[in-house]
Amino acid sequence: RKAQHSQADKPAFALEMARSLIAGKIKNARGVLQRGAREAKNADDVAVLERGVNDLAASLRSLPTMIDLDAVRGVEGDAARKYFGCINHLIRTDLRPHFFMDGRNRRPPRDRLNALFSFIYAMWMNDCRSAVEAAGLDPQIGFLHAVRPGRAALALDLQEEFRPLADRLALTLINRGQLDPEDFIEREGGAVAMQGDARKTVVVAYQERKQELLTHPLLAQPIPLGIVPMIQARLLARAVRGETSGYLPFIFK
């Protein structure tokens, strides 16, 4: 933690970390769109998704030229807008009217898909916070996210590369019919929330997804997805201590 607090005060180190974290997020988001384009049956969907893939590739190319944190955050925000602008084309055609998403919104979410995303993001956030604490890091002191009272900035940093994984789970639950429009309610003021039974469905699916085996580029054996945040937190700790030249985000297939 002493090393982390010291490195957080060094603009060059924070900038390098932020670039790596956002590169991981954009690469994973691009993978979601690439997979969708391969599986799409409608030519219009394919065209939109392939354009999104190219747009995110351009965002990745611009990252190394960003000279401060605000510029990196700007690239991330622009990439997120392009990515979420394609999300509706990843949903089954017959379900799009019910799960239509007009951009990312939260606090509160204003549509079903945003409500589902926010719920799964919160679970990933809890796992990322546990991971950084287990690695001996201070969850409050981040590099990409600004330090604010009560905000687990480093856990939010680590969560970035896992957000597209959360999106994939949400889209799977919708497209397979495990969730339907009646699982969501609209409250006064326009906020949308999931019903209790739907929450259970999502939690069970999330826990099952965490048991799936995958290959980590630094390990020689398959590991459960649920272990990956712990591994990435330890990679963060090694970078903070200066044992590695930078941080390697996890890129899923």
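The text that follows walks through the structure, step by step, so that each part is easy to find. (Residues numbered from 1 in each chain as written. Predicted model: local features only at pLDDT ≥ 70, side-chain atom pairs only at ≥ 80, totals over all residues. Heavy atoms only, no water.)

### Quick look at the pattern of salt bridges
- One pass over the structure, following the stated rule, counts 14 salt bridges.
- Across the pair Arg-73 and Asp-70 runs a salt bridge whose closest N-O atoms are separated by 3.1 Å. Separated by 3 residues within a single helix, Arg-73 and Asp-70 lie in helix H4 (residues 69-84), roughly one turn from each other.
- The exposure class assigned to Arg-73 is partly exposed, which follows from its relative accessible area of 31%.
- What makes Asp-70 exposed here is its relative accessible area of 57%.
- A single salt-bridge network, built from bridges that share partners, covers Lys-25, Glu-76, Glu-160 and Arg-163. (Salt bridge = Lys/Arg side-chain N within 4 Å of Asp/Glu carboxyl O. Helix = DSSP H or I, 4+ residues; strand = E, 2+ residues; numbered from the N terminus. Buried < 20%, exposed > 50% of the residue type's maximum accessible area, 1.4 Å probe, protein only.)

### Some thoughts on the packing of aromatic side chains
- Going through the model one piece at a time under the given rule, you end up with 7 aromatic pairs.
- Between Phe-117 and Tyr-121, the aromatic rings sit 6.0 Å apart at their centres with planes inclined by 20°, giving stacked as the arrangement. Taken together, the residues Phe-117 and Tyr-121, both in helix H5 (residues 112-134) and 4 residues apart, mark about one turn of the helix.
- In this structure Phe-117 comes out as buried when scored by relative accessible area, which is 0%.
- In this structure Tyr-121 comes out as buried when scored by relative accessible area, which is 5%. (Phe/Tyr/Trp six-rings, centres within 6.5 Å; stacked < 30°, edge-to-face > 60°.)

### Describing the environment of Gln-178
- By the secondary structure assignment, Gln-178 is in the loop between helix H7 (163-175) and strand E1 (184-186).
- In contact with Gln-178, not counting residues within four places along its chain, are Thr-172, Leu-173, Asp-183 and Thr-201. (Contact = heavy atoms within 4.5 Å.)

### A look at the packing of helix H2 (residues 11-39) against H4
- H4 packs onto H2 with a crossing angle of 10° between their chain directions and a minimal axis gap of 10 Å. By the angle class used here, H2 and H4 are roughly parallel. For the pair H2 and H4, contact is made by Ala-14, Leu-15, Ala-18, Arg-19, Ile-22, Lys-25, Ile-26, Ala-29, Val-32 and Leu-33 and by Leu-69, Val-72, Val-75, Glu-76, Ala-79 and Tyr-83, respectively.
- Residue composition of the contact of H2 with H4, by class: 13 nonpolar, no polar and 3 charged. (Axes fitted to C-alpha atoms, helices over the stretch in contact; angles between N-to-C directions. Parallel < 35°, antiparallel > 145°, perpendicular 65-115°, else oblique. Nonpolar A, V, L, I, M, F, W, Y, C, P; charged D, E, K, R; others polar.)

### A few points about the side chain of His-145
- Note on placement: His-145 falls in the loop between H5 and helix H6 (153-159).
- Engagement of the side chain of His-145 in a polar contact is seen with the side chain of Asp-157, the distance being 2.7 Å.
- A polar contact of 3.2 Å, which involves the side chain of His-145, links it to the side chain of Glu-160.
- Setting aside residues no more than four positions away along its own chain, His-145 makes contact with Arg-73, Arg-151, Ala-153, Leu-156, Asp-157 and Glu-160. (Polar contact = N/O pair within 3.5 Å; in protein donor to acceptor, adjacent residues only side chain to side chain.)

### Some points on the environment of Phe-143
- On the secondary structure map, Phe-143 appears in the loop between H5 and H6.
- On the accessibility criterion, Phe-143 (2% relative accessible area) is buried.
- In the structure, Phe-143 is positioned 14 residues away from Asp-157 in sequence and 7.1 Å away in space, judged by C-alpha atoms.

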